Amino acid sequence: MSDPLDALQAKVRALREEFERALGEARDPQGFQAVKDRFLGRKSGAVTGLLRSLAGLAEDARRDAGRELNALKQDIEARLDGAREALTARSRDERLAHERVDVTLPGRPPVLGRRHPLTVVREELEEIFLSMGYEVYDGAETDDDYHCFEALNMPPDHPARDMQDTFYVAGHSGALLRTHTSTGQIRYMLSNPHPPVVRIICPGKVFRRDDDITHSPMFQQVEALVVGPGITLGDLKGSIEAFLHALFGPQYPVRFRSSFFPYTEPSVEVDLGCIVCGGKGCRVCKGTGWLEIMGSGMVHPAVFEAVNARLGRMVYDPEEVTGFAFGLGIERVAMMKHGIDDIRLFYGSDLRFLEQFPA
Ligand SMILES: [Zn+2]
């Protein structure tokens, strides 16, 4: 019969080997806990079981075996603690290596936005007019029949209304989206009756029932109005020439052709020497060498009379004051400046188009 202590020592050696294998296979905190339960668990741990079995040994053998088993228990605990610490250190090192910042790398520049090409053109126009002594006046995008047509010498049956069919606001009798910024003329004169001297531009959105490559149901105009004693057609021509030369350059000739608008008399259409071919004739100017750029004219006396009637007194006396007005499309200017042939590109929100313009 073998010595019970020898037998126990053999079991301890076997357990140590078993423990080393199990520890080598554990990869994470749960794995370590499972190893601990397997060997040191209170109910079914292998070492715990052996400790219990000591009760049947003689006192000397029990003391020696107890020392042996406690040493095994402490070794197992120490080895598990060491393995846990090593795992924690390894995962911290991995995280640090992963999160390491290379401060020598170039930064990532944030994407800067830019102004819309139409905003750029509108602000350029405003700058030119401000430098010429004009005031920038904001009109109303939702307006009414009186300001949009009637006060501008277009009574309800006037045929010129057909060219400016617009959108009406449902449920609000007479409310409409303005078809041109000329409404700003009337609104400004009504709200600024003293003195009867006016020099304004009114930039803004206008609306018409048109939709094709050169017409958009919403587009932008700039209206100009100058009123005062002794304003002449010569002032109109000089002002428009100065403005167009500031905008496009002094090398382009400006031409005036007689035309018709209900709210000006005489009325003139303004052409600019083609900026694409320099006047020789090309596809853009349809071989004429000229590009239509704006409509203008001397303010019709009927417009002053309509304002006076609404004011209830004579402020803009057509015998005392005269004036001129002109209006042009902001999209038209932007299309000419950048060689764009489809107005819808401005409102398509396509970044491939918009990013072609300088920031
Ligand atoms: Zn041309």
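Just so you know, these numbers come straight off a predicted model, no measurement behind them.

Before going further, it helps to spend a moment on the overall build of the chain. Helix and strand counts for the chain stand at 11 helices and 9 strands. Taken over C-alpha atoms, the radius of gyration comes to 45 Å for the chain, far larger than the 21 Å a tight globule of 359 residues would show. Dimensions along the principal axes, computed over C-alpha positions, put the chain at roughly 140 × 50 × 35 Å. For the chain, buried positions account for 42% of its 359 residues. If you take every contact in the chain between residues at least 6 apart in sequence, the share linking residues at least 24 apart comes to 67%. Accessible surface for the chain amounts to roughly 20,400 Å². Of this, 52% is attributable to carbon and sulfur atoms.

Its location among the elements puts Ser267 in strand E7 (residues 264-273). A polar contact of 2.6 Å, which involves the side chain of Ser267, links it to the side chain of Thr264. Contact partners of Ser267, with chain neighbours within four places excluded, come to Arg257, Ser258, Ser259, Phe260, Phe261, Ser296 and Gly297.

Right, let's get into unusual backbone geometry. Peptide bonds are trans in most cases, and residues, glycine excluded, mostly fall at negative phi. Between Glu265 and Pro266 the backbone carries a cis peptide bond, its omega angle lying at -5°. Residue placement: Pro266 occurs in strand E7. Phi is positive for Asn153, which is not a glycine, with a value near 65°. Within the element layout of this structure, Asn153 appears in the loop between helix H6 (145-148) and strand E3 (175-177). We note that Lys286 has phi near 55°; this positive angle belongs to a residue other than glycine. Its location among the elements puts Lys286 in the loop between E7 and strand E8 (290-299).

Side chains that carry opposite charge are capable of pairing whenever their charged atoms lie near each other. Following the criterion strictly, the structure yields 17 salt bridges and no others. As a salt-bridge pair, Glu20 and Arg79 come within 2.8 Å of each other at their nearest N and O atoms. With Glu20 in helix H1 (residues 4-25) and Arg79 in helix H4 (residues 59-99), the pair connects residues that are 59 residues apart, well separated along the chain. Put simply, Arg67 and Asp64 hold a salt bridge, and the shortest N to O gap is 3.4 Å. Of the two residues, Arg67 and Asp64 both sit in helix H4, 3 residues apart, roughly one turn of that helix. Three or more residues joined by partner-sharing salt bridges are found here, namely Arg255, Arg257, Asp271 and Glu292.

Bringing the coordination of the zinc ion into the picture now. Ligation of the zinc ion by protein atoms is provided by Cys274 (SG), Cys277 (SG), Cys282 (SG) and Cys285 (SG), these donors lying 2.2 to 2.3 Å from the ion. Bound by 4 donor atoms, the zinc ion shows angles of 104 to 115° at the metal and therefore tetrahedral coordination geometry.

Let us now look at the pairing of E7. The buried count for E7 comes to 8 of 10 residues, which makes it a mostly enclosed element. Between strand E6 (residues 254-261) and E7, which pair antiparallel one after the other, the connecting turn spans 2 residues. Examined bridge by bridge, E7 and E8 share 8 bridges and lie antiparallel to one another. Each bridged residue has a counterpart across the sheet, and for Leu272 the counterpart in E8 is Leu291.

Bringing helix H10 (residues 330-338) into the picture now. Of the positions making up H10, those classed as buried are Ile330, Glu331, Val333, Ala334, Met335 and Met336. Positioned one or two residues after H10, Gly339 has a phi angle of 65°, which is positive.

On to the sheet that holds E8, then. What links the strands of a sheet is backbone hydrogen bonding, and the strands pair in either a parallel or an antiparallel sense. Spatially, 7 strands are ordered E1-E4-E5-E9-E8-E7-E6 in an open sheet, and the strand pairing comes out mixed. Here the strands that pair on one side only, and so sit at the sheet edges, are strand E1 (135-136) and E6. Of the strands in this sheet, E6, E7, E8 and strand E9 (321-329) are in contact with helix H8 (residues 233-248), which crosses E8 at around 145°.

In the structure shown here, the tally under the stated rule is 11 aromatic pairs. Ring centres of Phe304 and Tyr316 lie 6.1 Å apart, and the angle between their planes is 10°; this geometry places the pair in the stacked category. Here Phe304, found in helix H9 (residues 301-311), pairs with Tyr316, found in the loop between H9 and E9; they are 12 residues apart in sequence, far enough to count as distant. Each member of the pair, Phe304 as well as Tyr316, carries the same accessibility label: buried. Measuring from ring centre to ring centre gives 6.2 Å for Phe324 and Phe326, while their planes differ by 10°; the resulting arrangement is stacked. On the basis of relative accessible area, Phe324 is assigned to the buried category, the value being 1%. Since its relative accessible area comes to 1%, Phe326 is described here as buried.

Conventions used here
- Residues numbered from 1 in each chain as written.
- Predicted model: local features only at pLDDT ≥ 70, side-chain atom pairs only at ≥ 80, totals over all residues.
- Heavy atoms only, no water.
- Helix = DSSP H or I, 4+ residues; strand = E, 2+ residues; numbered from the N terminus.
- Rg over C-alpha atoms; globule rule 2.2 N^0.38 Å.
- Buried < 20%, exposed > 50% of the residue type's maximum accessible area, 1.4 Å probe, protein only.
- Contact = heavy atoms within 4.5 Å.
- Areas by Shrake-Rupley, 256 points an atom, 1.4 Å probe, with all protein chains shown as cover.
- Polar contact = N/O pair within 3.5 Å; in protein donor to acceptor, adjacent residues only side chain to side chain.
- Salt bridge = Lys/Arg side-chain N within 4 Å of Asp/Glu carboxyl O.
- Donors = N, O, S within 2.8 Å, 3.2 Å for Na, K, Ca; no water.
- Tetrahedral: all angles 85-135°; square planar, octahedral: opposite > 155°, others 65-115°.
- Pairing = 2+ DSSP bridges.
- Axes fitted to C-alpha atoms, helices over the stretch in contact; angles between N-to-C directions.
- Phe/Tyr/Trp six-rings, centres within 6.5 Å; stacked < 30°, edge-to-face > 60°.

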